[in-house]
Amino acid sequence: MRNTPTIANSLHRRPDMNGQQLLDLYSWEPGVCFRHPAEGVADTAVVKTIHPRTGPAEEVRACRPCVVDMEATRRVRAMELGLQYEPGRAGSPLDGY
């Protein structure tokens with residue numbers, strides 16, 4: 001089964017969501033966070049899927065604190081660029097950029 005970030009519904013697509021509301025947009029499973037793999041297995045969500053030229057697709061996973069941090073970075077960057085921020089897409093590029 002492949003986990004991908006999902007947005008529950010349009011009511012959740014607000015830039016003013018708190019940390020738990022953001023986390024609720026993702027599907028969580030035990031895994032290793034790409035930002036600090038030495039810490040071992042934790043609850044993680046898929047934030048990106050990499051498709052190498054050879055071999056199978058690989059999921060990039062992030063833990064809860066890292067997902068919240070990635071969402072905050074995306075929100076600030078969207079504001080700087082004058083783009084719309086859509087929560088629930090931590091590993092995705094900003095639309096229109």
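Residues numbered from 1 in each chain as written. Predicted model: local features only at pLDDT ≥ 70, side-chain atom pairs only at ≥ 80, totals over all residues. Heavy atoms only, no water.

Engineer: Give me the lowdown on the confidence of the model for the protein chain, citing residues and values where you can.
Structural biologist: As a general rule, the predicted coordinates of low-pLDDT regions are not to be interpreted in detail. The predicted model of the protein chain has a mean per-residue pLDDT of 84, with 81% of residues at 70 or higher. Throughout residues 1-13 the model reports pLDDT below 50, and contacts reaching past four residues in sequence, or to other chains, amount to 27 contacts. (pLDDT = per-residue confidence, 0-100. Contact = heavy atoms within 4.5 Å.)

Engineer: Describe the environment of Leu81, with residues and values.
Structural biologist: Position of Leu81 relative to the elements: it lies in helix H2 (residues 64-81). Sequence spacing of Leu81 and Leu94 is 13 residues, and the spatial spacing of their C-alpha atoms is 9.4 Å. (Helix = DSSP H or I, 4+ residues; strand = E, 2+ residues; numbered from the N terminus.)

Engineer: Give me the lowdown on the environment of Ile50, citing residues and values where you can.
Structural biologist: Of note, Ile50 is situated in strand E2 (residues 41-50). Given a relative accessible area of 44%, Ile50 falls into the partly exposed group. The sequence separation of Ile50 and Val60 amounts to 10 residues, and the corresponding C-alpha distance is 7.2 Å. If sequence neighbours within four positions are ignored, Ile50 has contacts with Ala57, Glu58 and Val60. (Buried < 20%, exposed > 50% of the residue type's maximum accessible area, 1.4 Å probe, protein only.)

Engineer: Break down H2 for me, citing the residues and quoting the values.
Structural biologist: Counted at 1.5 Å a residue, the expected span for H2 with its 18 residues is 26 Å, and the 26 Å between its end C-alpha atoms agrees. For H2, every residue scored as buried is listed here: Cys66, Val67, Met70, Glu71, Arg74 and Ala78. All buried residues of H2 fall inside an arc of 135° around its axis, so they share one side. Looking at H2, the residues exposed on the side facing more than 90 degrees away from the buried face are Pro65, Met79 and Glu80. Taken from the residues just after H2, Gly82 is the one with a positive phi, measuring 70°. (Expected span 1.5 Å × (residues − 1). Arc of directions from axis to C-beta.)

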